[in-house]
Amino acid sequence: MKRVLVSCLIAAMFTGLVACGDNASSENTTGSESSVTADSGADVESQADSGEEDKAKDNKSGVHYDKDAKIPGLDYLVKSYSEIPDEVKEEFKEDSLNIIQQYLEETNNTYEIDGDLKYEGYYFQHVESKTTANSNQILYVYTTTGSRCEVNSTDKTEGTLCFYARYGNVCPVDEHTYGCADKKGLEYFDYVAKYEIDEERLMTSMFIKEGASTTPGYTQEAGDGMEKYGNYTPLTKVADLEKDPSFEDMKAVGVATIDQYMENEMEDNIKYTAPEYYGAYIMKHDKDEDVGKVTSSYLVFKSVISDTEGLIDDTEVLFTISFSGTCYTENGELTYGTVSSDPVGQSELGDSAYVISAYEKVEDLYHLRSYSQSLDRIIDRSEVLNY
């Protein structure tokens, strides 16, 4: 049996939107809020229908959104949410409820919704590129309470759920009509913690992810209340991390990530002791700038690896789990954007051909090694991680 253990490094940094990048600026706008029962499609439809006559009277400009309109081309895309007439914005928002309702109906075996859909606000994202096609999108975001059934499992994740309606490449079709190239309903669940999360933390993590783009020519606006979730502050001290009530949850997520990795990647003859927390370090994203709004925190765990066939000696190793976007919400709750799907880095065990996503010494840890370009970005670390 071939004994080479293969693992891959997947650092959990922010991932961008394919068409629109990930994001950057925010617009301060007065918030507003509305709600509708998530499991009452007839109510949503009747709400939309009942106001048609009143809307026609109020819409003095005669400009409207046509969901079936064909857009004339990407050169005509709106570049700011403020370019869209108020009447059209309201029609987009009303239609977004229908889109999310349809999404929930199509995925009714995935969710158990027991709350109302609460409107959180919008993101408007635009890319003006000199080398590729321009693009934009509007996300209308809603939260509710309930549970999500995990794929291929009987487990459920309970707490706040977030859904949004996405409108891609919005533009005027003619002087009286606005349209878009595509639209669909989605759930935001990049927050991969396996414990209950509240609305404030979920929405803040979404704001971090949506605001993390480095795409040239990218701009983002947030409004109708969504902008308040940008009032977070970065985590900068390991001591603050370790004393926070959420730290125990983060350690549990780290251990679960290691357990899943070992189950997926290791052969049956490789055993390991239960991972124990060893230390942590915090890193900013750009060595040439101040800490800014976002940092990443790395939790290090120790474990002893053994081989039932005796081909390697028992070896203590250090696993590193990455939590990107660690910060405090406006209400002072510790949260993060994403967690690495596998431990960070990889090495060979002793003189064997075994490869594992762990290291035997602190000085060999992926970001802490003396020749690492990441050293200048580390702003704090546990004493045990100094060498």
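The name given to the protein in an unreviewed UniProt entry is DUF5104 domain-containing protein, and the organism recorded there is Butyrivibrio hungatei DSM 14810.

Chemist: I'm lost on the overall build of the protein in this one. Help?
Modeler: Scanning the protein from N- to C-terminus turns up 6 helices and 18 strands. Put simply, the protein has 387 residues, and 51% of those count as buried. Partitioning the contacts of the protein with sequence separation of at least 6, the portion at a separation of at least 24 is 71%. Accessible area of the protein: about 18,600 Å², with a carbon and sulfur share of 45%.

Chemist: Teacher, can you tell me more about the side chain of Ser-96 here?
Modeler: Assignment of secondary structure puts Ser-96 in helix α3 (residues 86–106). Beyond its immediate stretch of four places on either side in the chain, Ser-96 contacts Tyr-140, Tyr-142, Ala-165 and Tyr-167.

Chemist: Before we go on, may I ask you to explain the packing of aromatic side chains in this structure?
Modeler: The description of an aromatic ring pair uses the distance of the two centres, along with the angle that the planes make with each other. Following the criterion strictly, the structure yields 16 aromatic pairs and no others. Aromatic pair Tyr-65 and Tyr-167: ring centres 6.1 Å apart, planes at 85°, arrangement edge-to-face. With a gap of 102 residues between them, Tyr-65 in strand β2 (residues 64–65) and Tyr-167 in strand β6 (residues 156–174) connect regions that are remote in the sequence. When sorted by exposure, Tyr-65 lands in the same class as Tyr-167, which is buried. Ring centres 6.4 Å apart and planes at 50° place the aromatic pair Tyr-81 and Phe-124 in the tilted group. Taken together, the residues Tyr-81 in the loop between β2 and α3 and Phe-124 in strand β4 (residues 116–127) connect sequence positions 43 residues apart. Judged by its relative accessible area of 4%, Tyr-81 is buried. Under the relative-accessibility criterion, Phe-124 is labelled buried at 0%. Joined through ring pairs, the aromatic side chains of Tyr-65, Phe-92, Tyr-140 and Tyr-167 make up one cluster.

Cut-off values and rules
- Residues numbered from 1 in each chain as written.
- Predicted model: local features only at pLDDT ≥ 70, side-chain atom pairs only at ≥ 80, totals over all residues.
- Heavy atoms only, no water.
- Helix = DSSP H or I, 4+ residues; strand = E, 2+ residues; numbered from the N terminus.
- Buried < 20%, exposed > 50% of the residue type's maximum accessible area, 1.4 Å probe, protein only.
- Contact = heavy atoms within 4.5 Å.
- Areas by Shrake-Rupley, 256 points an atom, 1.4 Å probe, with all protein chains shown as cover.
- Phe/Tyr/Trp six-rings, centres within 6.5 Å; stacked < 30°, edge-to-face > 60°.

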